Amino acid sequence: MGMVTRAKKRRMEEESRRPDLPPKGGADLISRLPDDVPGKIISAHLPAKDGGRTQILSRRWRPLWRLAPLNFEAKISGNHPVLVARTFSQLLTHKGPVRRFFLDSRSNYDCLSIIDSILGSPRFENLQEFELLFDNNGHRDSPIPRSVFCLSPTLQVLRICSTCEVLQFPVETACVPNFPHLKQLTLSNINISESTLHGLLARCPVLENLVLSSNRGYHCVRISSLTLRSLGISDAWFCKEGKLDEIIIEDAPLLERFIPCKRSNDDLVIRVIQAPKLKILGYLSHKISRLDLGTLVFQKLVPGNLSNVMRTVKILALDIAPDLSVVIDFLKCFPCVTKLYIAACQGNFMNERRSVSLECLDLHLKVVQYINYDGEMSEVNFIKFFVLNAKVLESMKFVARRDKCDAKWIQKQHKLWLNARASQGYI
């Protein structure tokens, strides 16, 4: 009979006081779980690489990764065929269905044809998320892989973005499939006709998030969706043909976030007919020649009637030359704004109003962020207006270029703001 040391005896006593733990050499509680539970952990909560590493945990876990739904994520930055083949090796070693496909391709190698061929596999029949970031330098007018649209019955997320040349939307209006479960749609730098775009949106009955960025081929975007909650639209500043001229939101009862961005110098008309829950709006700029928000009408950001207000908007973003008259008029029209973002562009500072009493300033405005801050005295006077008049202000944030923020510049800012009188509650 072997001798029991004091340390071993103490350890045995501690284990006896913890009956919740299995005895040494006992069964692994995780291994008692049904196969689908660890499989869901691997596929839904772990990246592909980490999911593959679970094979070393035990014999029980070895087959789970190969059979669990795969979250495929890869980045291609080289042009050599061996590197490209190595990128797709996960799909070859994994035998189960694919849940998510994400590819960031910055290669001149023709990856689109590879994608088109592999998406035809039965393993993609229940694909839920497809995301393609494509730097197609040297592949002008390349089409989006047609096989993507064969996955429409199960897709919940579809994101296709080109960072260089424009990708071509390959499907005509009559051939656009239904996307019965699609909740997020992002198209960036895509050439798609107006009729095809509207046909696509009409076939997404549960769409919640829509981003259309720097696309071409359509002059007007018309939105009518009972489920849409977030909408972001920007035009292509370099595009002359098929440029965006008008945005019409006919009926969007759940829309809470609307982010229009006008990059080119051409005028943009925005008409929001029905969006009763709109909370986040901006960035609004003078490039928007007309803005209709229900009964609110702005011409070049000048309100037609200050008696009309929109109380649902809580976050407002403006891309303007700092002009207190313009900002004050907006705060009158949106009296319940709690967060105000100002992206200052070039122009003359207009600071003639020193004090004013508004519902927004007296009761609601808590956060102001000033972007493109240079630290000039005219900007300081502009910002001081909010410090002195916003009675519930909690935070004032400046965003400056990094090359501005040296020790000398920071010291100068301290002197400029040393005597700034803070409003009640300001930090």
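Residues numbered from 1 in each chain as written. Predicted model: local features only at pLDDT ≥ 70, side-chain atom pairs only at ≥ 80, totals over all residues. Heavy atoms only, no water.

Where an unreviewed UniProt entry is consulted, the protein chain appears under the name FBD domain-containing protein, with the organism given as Urochloa decumbens.

Colleague: Can you tell me about the pairing of strand β19 (residues 339-343), naming the residues and giving the values?
Modeller: Pairing geometry for strand β18 (residues 315-319) and β19, over four bridges, is parallel. Within β19, the residue paired with L316 across the bridge is L340. Handedness of the crossover joining β18 and β19 through helix α9 (residues 324-333) is recorded here as right-handed. Pairing analysis gives five bridges linking β19 to strand β20 (residues 367-371), with the strands arranged parallel. Looking across to β20, one finds that K339 is bridged to V367. (Pairing = 2+ DSSP bridges. Helix = DSSP H or I, 4+ residues; strand = E, 2+ residues; numbered from the N terminus. Right-handed = clockwise from strand over helix to strand, strands pointing away.)

Colleague: An account of the environment of P205 is requested, with residue identities and associated values reported.
Modeller: When you line up the elements, P205 lands in the loop between α8 (194-202) and β8 (209-215). Residue classification places P205 among the exposed residues on the basis of a relative accessible area of 51%. When the C-alpha atoms of P205 and S225 are compared, they prove to be 7.6 Å apart, with 20 residues separating the residues in sequence. Setting aside its immediate chain neighbours within four residues, P205 contacts F179, P180 and T227. (Buried < 20%, exposed > 50% of the residue type's maximum accessible area, 1.4 Å probe, protein only. Contact = heavy atoms within 4.5 Å.)

Colleague: Please provide a residue-by-residue account of helix α11 (residues 377-389), values included.
Modeller: Taking 1.5 Å per residue as the helical rise, α11 with its 13 residues ought to reach 18 Å, and the 18 Å between its terminal C-alpha atoms agrees with that figure. At its buried positions, α11 is contacted by α9, β19, α10 (359-364), β20, β21 (395-399) and α12 (407-417). (Expected span 1.5 Å × (residues − 1).)

Colleague: Outline the nonpolar core, listing residues and values.
Modeller: Formed by 103 residues in total, the largest nonpolar core has its most connected members in F101, F130, F258, F334 and F386. No other element matches the seven residues that α9 contributes to this core. Excluding anything up to four places from it in sequence, F258 contacts L231, I247, I249, I270, V272, L278, I280, L281 and G282. (Core = buried A, V, L, I, M, F, W, Y, C linked by side-chain atoms within 4.5 Å.)

Colleague: Mind laying out the sheet that holds strand β16 (residues 296-299), listing which residues take part and the relevant values?
Modeller: Strand order in the open sheet formed by six strands is β9-β11-β13-β15-β16-β17, and the pairing between neighbours is mixed. Of all the strands in the sheet, the pair left with one neighbour each is β9 (220-224) and β17 (302-303). Pairing of strand β11 (residues 246-251) with strand β13 (residues 268-272) involves four bridges; the strand directions are parallel. What sits directly across from I248, in β13, is R271.

Colleague: Let's hear about the pattern of salt bridges: which residues, and what values?
Modeller: Applying the stated criterion to the full structure yields 15 salt bridges. Its salt-bridge partner being R100, residue E129 comes within 2.9 Å of it at the nearest N-O pair. Separated by 29 residues along the polypeptide, E129 in strand β3 (residues 129-134) and R100 in strand β2 (residues 98-105) bring together distant segments of the chain. The class for E129 is buried, based on a relative accessible area of 16%. The class for R100 is buried, based on a relative accessible area of 14%. A salt bridge links R401 to D374; the nearest nitrogen and oxygen atoms lie 3.7 Å apart. Here D374 lies in the loop between β20 and α11 and R401 lies in the loop between β21 and α12, a separation of 27 residues in the sequence. A single network of salt bridges, built from pairs that share partners, joins E73, R99, R100, E129, E131 and R159. (Salt bridge = Lys/Arg side-chain N within 4 Å of Asp/Glu carboxyl O.)

Colleague: Quick rundown of the packing of aromatic side chains? Include the residues and the values.
Modeller: Here the structure, examined in full by the defined rule, presents 13 aromatic pairs. Residues F330 and F334 carry aromatic rings whose centres are separated by 6.1 Å and whose planes lie at 10° to one another, so their mutual orientation is stacked. Residue F334 is classed as buried on the basis of its relative accessible area, which comes to 0%. An aromatic cluster is built from Y370, Y373, F382, F385, F386, F398 and W409, whose rings are joined through pairwise contacts. (Phe/Tyr/Trp six-rings, centres within 6.5 Å; stacked < 30°, edge-to-face > 60°.)

Colleague: Lay out the environment of C261 in plain terms, naming residues and giving numbers.
Modeller: Checked against the element boundaries, C261 lands in strand β12 (residues 257-261). Sequence separation of C261 and D319 is 58 residues, and the distance between their C-alpha atoms is 9.3 Å. The contacts of C261, once residues within four sequence positions are left out, are I233, S234 and D235.

Colleague: Before we move on, could you go through the confidence of the model for the protein chain and cite the residues and values that matter?
Modeller: Reading predicted coordinates in detail is not appropriate for stretches of low pLDDT. Here the protein chain averages 83 in pLDDT, and 76% of its residues register 70 or above. Across residues 18-23, confidence stays below pLDDT 50; counting only partners more than four residues off in sequence or on other chains, it has one contact. Note that residues 421-427 has pLDDT below 50 and, in this model, 18 contacts with residues that lie over four places away or in other chains. (pLDDT = per-residue confidence, 0-100.)

Colleague: Go over α9 with me, naming the residues and quoting the values.
Modeller: Taking burial as the measure, the 10 residues of α9 include nine buried ones, the bulk of the element. Looking at α9, one finds that the buried residues are L324, S325, V326, V327, I328, D329, F330, L331 and C333. The opening residue of α9, the one whose side-chain oxygen lies 3.0 Å from the backbone nitrogen of S325, is D323. (Polar contact = N/O pair within 3.5 Å; in protein donor to acceptor, adjacent residues only side chain to side chain.)

Colleague: Help me get a handle on a positive patch on the surface, residues and values and all.
Modeller: A grouping of R229, K277, K279 and K314 is seen on the molecular surface, where their side chains present a positively charged patch. Looking at where K279 falls in the secondary structure, it is placed in the loop between β13 and β14 (280-285). Judged by relative accessible area, which is 40%, K279 ranks as partly exposed. (Patch = residues over 30% accessible without salt bridge, like charges linked within 9 Å, V, L, I, M, F, W, Y side chains within 5 Å. Areas by Shrake-Rupley, 256 points an atom, 1.4 Å probe, with all protein chains shown as cover. Lys, Arg positive; Asp, Glu negative; His and termini not counted. Charge placed at Lys NZ, Arg CZ, Asp CG, Glu CD.)

Colleague: Let's hear about the packing of α9 against α11: which residues, and what values?
Modeller: Relative orientation of the contacting elements α9 and α11 amounts to 30°, with a least axis distance of 11 Å. Relative to α11, the element α9 is oriented roughly parallel. For the element pair α9 and α11, the recorded crossing hand is right-handed. Residue-level contacts link L324, V327, I328 and L331 of α9 to F382, F385 and F386 of α11. The residue makeup of the contact of α9 with α11, split by class, is seven nonpolar, no polar and no charged. (Axes fitted to C-alpha atoms, helices over the stretch in contact; angles between N-to-C directions. Parallel < 35°, antiparallel > 145°, perpendicular 65-115°, else oblique. Left-handed = near helix turned anticlockwise from the far one by under 90°. Nonpolar A, V, L, I, M, F, W, Y, C, P; charged D, E, K, R; others polar.)

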